[in-house]
Amino acid sequence: MLNDATVDLYLKRIGAQRPEAADLDALRHLQERHVLSVPFENLDYHDGTPVKLDESVVDKIVHRGRGGGCYELNPAFGFLLEALGYHVEILPARTYSGEKLGPPLCHLVLRVTLGGESLLVDVGFGKCPRGPLFFGTRGEQLDAHGAYELVPVGNGEVDVLLKGRPQYRVDDRATTLDAFLPTLWWYRTAPDSPFLQYVFAAQVTATGRVSMKGNTLTVTEDGLRRTEELTTDEAVVAAYRTHLGIAVERAPRTTASYRGEEVDMYIS
């Protein structure tokens, strides 16, 4: 359990106030602040830094000013919510790439139980909602990113759709962080792992999104999209700092030879 000092620093990191009660309004506020403050990024996959599945992910976000993938961002947010009095569980999920459904445990989300309602909470996906989604609600659930819909598909699984397009499939059977260790190993070592194809980082903003993919900076603001190829290491370092709040000493690089496009689901 996070101590009070760490909770205060975490809340400062995401620009949120400590809630007076662990209620739905506070959860909405905390989730939105997290999505708008902590980038989805894979830098540690390319510089040899270990990726952990424990409370050390909080240190990475709070003290190192960094982000991470779903295996880091959602557990870290879960630790924060638990310290604030919420009941949190880990749920496994499978991402879609187009119409293709990925393997089990390739995504990790949270379930928060509040007042008898089960809520889907996700701060670790390219198009994650800014607020919690109700598992028991059928039909569209409006969010700043568009209309989400949770569609049961049988066997306790639910497809999460955004604007009618499936994003991932959630299994409602709670699990533990240790269950994701084999998949984390695959993400870190497999030649065709989407996390090894490019160095990337993406941050949702109040008016759009900003991302780095290799040396390509893409900024979307109020529906207008611009892309810039950064030609110097200095420009790359400055872009990470200015647009994503990530301090790097040198331009991140990958030595992976395989180049797939599946990474776009995380940063587009």
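Residues numbered from 1 in each chain as written. Predicted model: local features only at pLDDT ≥ 70, side-chain atom pairs only at ≥ 80, totals over all residues. Heavy atoms only, no water.

Strand order in the open sheet formed by five strands is 1-11-12-13-14, and the pairing between neighbours is antiparallel. Edge positions in the sheet fall to strand 1 (40–41) and strand 14 (224–229), since each has one partner strand and no second. Note that strand 11 (residues 200–205) and strand 12 (residues 208–213) share six bridges and pair antiparallel. The partner of Gln203 across the bridge, within strand 12, is Val210. Together, strand 11, strand 12, strand 13 (216–221) and strand 14 form the strand contacts of helix 7 (residues 233–244), whose direction differs from that of strand 12 by roughly 155°. (Pairing = 2+ DSSP bridges. Helix = DSSP H or I, 4+ residues; strand = E, 2+ residues; numbered from the N terminus. Contact = heavy atoms within 4.5 Å. Axes fitted to C-alpha atoms, helices over the stretch in contact; angles between N-to-C directions.)

Contact geometry for helix 1 (residues 4–14) and helix 5 (residues 70–83): axes closest at 11 Å, N-to-C directions at 125°. It follows that helix 1 is oblique to helix 5 by the angle criterion. By crossing handedness, the relation of helix 1 to helix 5 is classed as left-handed. Of the residues in helix 5, those in contact with Val7, Tyr10, Leu11 and Ile14 of helix 1 are Ala76, Phe77, Leu80 and Ala83. Tallied by class, residues from the contact of helix 1 with helix 5 come to eight nonpolar, no polar and no charged. (Parallel < 35°, antiparallel > 145°, perpendicular 65-115°, else oblique. Left-handed = near helix turned anticlockwise from the far one by under 90°. Nonpolar A, V, L, I, M, F, W, Y, C, P; charged D, E, K, R; others polar.)

A few words on the side chain of Arg66. If you trace the backbone, Arg66 turns up in the loop between helix 4 (56–62) and helix 5. Once residues within four sequence positions are removed from consideration, Arg66 is found in contact with Arg13, Val38, Pro39, Glu41, Leu43, Asp44, Lys60, Ile61 and Ile246.

Let us now look at helix 1. Restricting attention to buried positions, one finds in helix 1 the residues Val7, Tyr10, Leu11 and Ile14. Down the axis of helix 1, the buried side of the element spans an arc of 95°, and every buried residue falls inside it. In this structure, the buried residues of helix 1 make contact with helix 2 (24–37), helix 4 and helix 5. N-cap assignment for helix 1: the residue whose side-chain oxygen lies 3.2 Å from the backbone N of Ala5 is Asn3. Positive phi appears at Gly15, one or two residues downstream of helix 1, with a value of about 70°. (Buried < 20%, exposed > 50% of the residue type's maximum accessible area, 1.4 Å probe, protein only. Arc of directions from axis to C-beta. Polar contact = N/O pair within 3.5 Å; in protein donor to acceptor, adjacent residues only side chain to side chain.)

With respect to the secondary-structure elements, Thr218 resides in strand 13. Contacts of Thr218, omitting those with residues within four sequence positions, involve Arg209, Val210, Ser211, Arg225, Arg226 and Thr227.

What follows deals with unusual backbone geometry. At Asn155, a residue that is not glycine, the phi angle is positive and equals roughly 55°. Asn155 sits in the exposed class, given a relative accessible area of 73%.

It is worth spelling out the packing of aromatic side chains at this point. Using the criterion set out here, one finds nine aromatic pairs in the structure. For the pair Tyr45 and Phe195, a centre-to-centre distance of 4.9 Å together with 35° between the ring planes defines the contact as tilted. Remark: Phe195 occurs in the loop between helix 6 (181–189) and strand 11 and Tyr45 occurs in helix 3 (residues 44–47); sequence separation between them is 150 residues. Looking at Tyr45, the relative accessible area reads 9%, which means it is buried. For the ring pair Phe195 and Phe200, a centre distance of 5.7 Å and an interplane angle of 55° mean the geometry is tilted. Both residues of the pair, Phe195 and Phe200, belong to the buried class. (Phe/Tyr/Trp six-rings, centres within 6.5 Å; stacked < 30°, edge-to-face > 60°.)

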